[in-house]
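One-letter residues, chain by chain:
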Amino acid sequence: MQSFSSLANLLLAIGITTSFLACTAQAAAPKVPPATTDAPLAAKPGKETAVFAGGCFWGTQAVFERVKGVLKTTAGYSGGSKQTATYDQVTTETTGHAESVEVVFDPSEITYGQLLRVFFSVAHDPTQKDRQGPDVGPSYRSAIFYANDEQKRLALAYIAQLDAAKVFPKKIVTEVTPLKGFYAAEDYHQDFALKNPNHPYIQVCDRPKIAALKQQFPELFVDYKGEH
């Protein structure tokens, strides 16, 4: 997402309608099928971690924190070093980081494959290279940072499944890369969409994602009230 002042200028310059179309295209995308290769639900409650990058982390977090079985989400940065994991540095597009969300989930309530389906369905457009809607640059790239070989296997299998079925009009460009570090973003980024529902960016780009989640996955949708 753009900084607060530049975002306002951007919306005024290009018009709300153009931004709305760019941000909500994913909500109108074809329905994404479930993963044919997935891990079964765990027999006992526990905690596992997944990290996804799908453009501005405000919207990615707003989606995953409303998914049943997700215990905690954190907006942050992955793909670069700890020393450069600040918003001011990441937005220079020189640090290697992607705006990411760490998702802590209970594998007895939701599988990694189900999280992948949400990620590819409503969290972002996986066919856009180094951008999402009005946000342009490698920090807005689509990426899955896998924590172990099982996550890597499931992610690659699902991407191959979706590409083979031609679910999207273009090839998926999502990176599947090892998680070398996740660094929490500044406090004001956490739960930003929840705390700032009237912010123009949230209304235009992120509220439609939440609505799409509720519509496409009613069995997974939870009414999130906040934790940060």
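Here goes a summary of the coordinates provided. Note that this is a predicted model, so its numbers are computed, not measured. (Residues numbered from 1 in each chain as written. Predicted model: local features only at pLDDT ≥ 70, side-chain atom pairs only at ≥ 80, totals over all residues. Heavy atoms only, no water.)

The subject of this paragraph is the pattern of salt bridges. Per the counting criterion, the structure on display carries six salt bridges. Its salt-bridge partner being Arg66, residue Glu65 comes within 3.3 Å of it at the nearest N-O pair. Given the relative accessible area of 6%, Arg66 is considered buried. Note that Asp206 is salt-bridged to Lys209, the shortest N-O span being 4.0 Å. Of this pair, Asp206 and Lys209 are both found in helix 8 (residues 200–216), three residues apart, which corresponds to roughly one turn of the helix. The exposure class assigned to Lys209 is buried, which follows from its relative accessible area of 13%. (Salt bridge = Lys/Arg side-chain N within 4 Å of Asp/Glu carboxyl O. Buried < 20%, exposed > 50% of the residue type's maximum accessible area, 1.4 Å probe, protein only. Helix = DSSP H or I, 4+ residues; strand = E, 2+ residues; numbered from the N terminus.)

With respect to the helices, strands and loops of the structure, Thr60 is situated in helix 3 (residues 57–64). According to the relative accessible area criterion, Thr60 is buried, its value standing at 1%. Aside from chain neighbours lying at most four places away, what touches Thr60 is Phe52, Gly54, Gly55 and Val101. (Contact = heavy atoms within 4.5 Å.)

A few words now on helix 6 (residues 149–164). Here helix 6 spans 22 Å end to end across 16 residues, near enough to the 22 Å set by a 1.5 Å rise per residue. The inward-facing, buried residues of helix 6 abut strand 1 (48–54), helix 5 (112–123), strand 6 (142–146) and strand 7 (175–178). Near the N-terminus of helix 6, the side chain that reaches the backbone nitrogen of Glu150, with its oxygen 3.2 Å away, is that of Asn148. Positioned one or two residues after helix 6, Lys166 has a phi angle of 50 degrees, which is positive. (Expected span 1.5 Å × (residues − 1). Polar contact = N/O pair within 3.5 Å; in protein donor to acceptor, adjacent residues only side chain to side chain.)

Next up on the list: the sheet that holds strand 2 (residues 70–78). Pairing between sheet strands relies on hydrogen bonds along the backbone, with the strands arranged either parallel or antiparallel. An order of 7-6-1-3-2-8 is seen for the six strands of this open sheet, with the pairing classed as mixed. The sheet is open, and its two edges are formed by strand 7 and strand 8 (182–184), each paired on a single side. Here the average twist between neighbouring strands, direction ignored, is 35 degrees. The sheet contact formed by strand 2 and strand 8 spans three bridges and is antiparallel. Following the sheet pairing, Tyr77 is matched in strand 8 by Tyr183. (Pairing = 2+ DSSP bridges. Axes fitted to C-alpha atoms, helices over the stretch in contact; angles between N-to-C directions.)

Turning to the packing of helix 5 against helix 6, a few remarks are in order. Taken N-terminus to C-terminus, the directions of helix 5 and helix 6 make an angle of 45 degrees; their axes are 10 Å apart at the nearest point. Here helix 5 lies oblique to helix 6, going by the angle between them. Crossing of helix 5 over helix 6 shows right-handed handedness. Contacts from Tyr112, Leu116, Arg117 and Phe120 in helix 5 reach Gln151, Leu154, Ala155, Tyr158, Ile159 and Leu162 in helix 6. Considering only residue class, the contact of helix 5 with helix 6 consists of eight nonpolar, one polar and one charged. (Parallel < 35°, antiparallel > 145°, perpendicular 65-115°, else oblique. Left-handed = near helix turned anticlockwise from the far one by under 90°. Nonpolar A, V, L, I, M, F, W, Y, C, P; charged D, E, K, R; others polar.)

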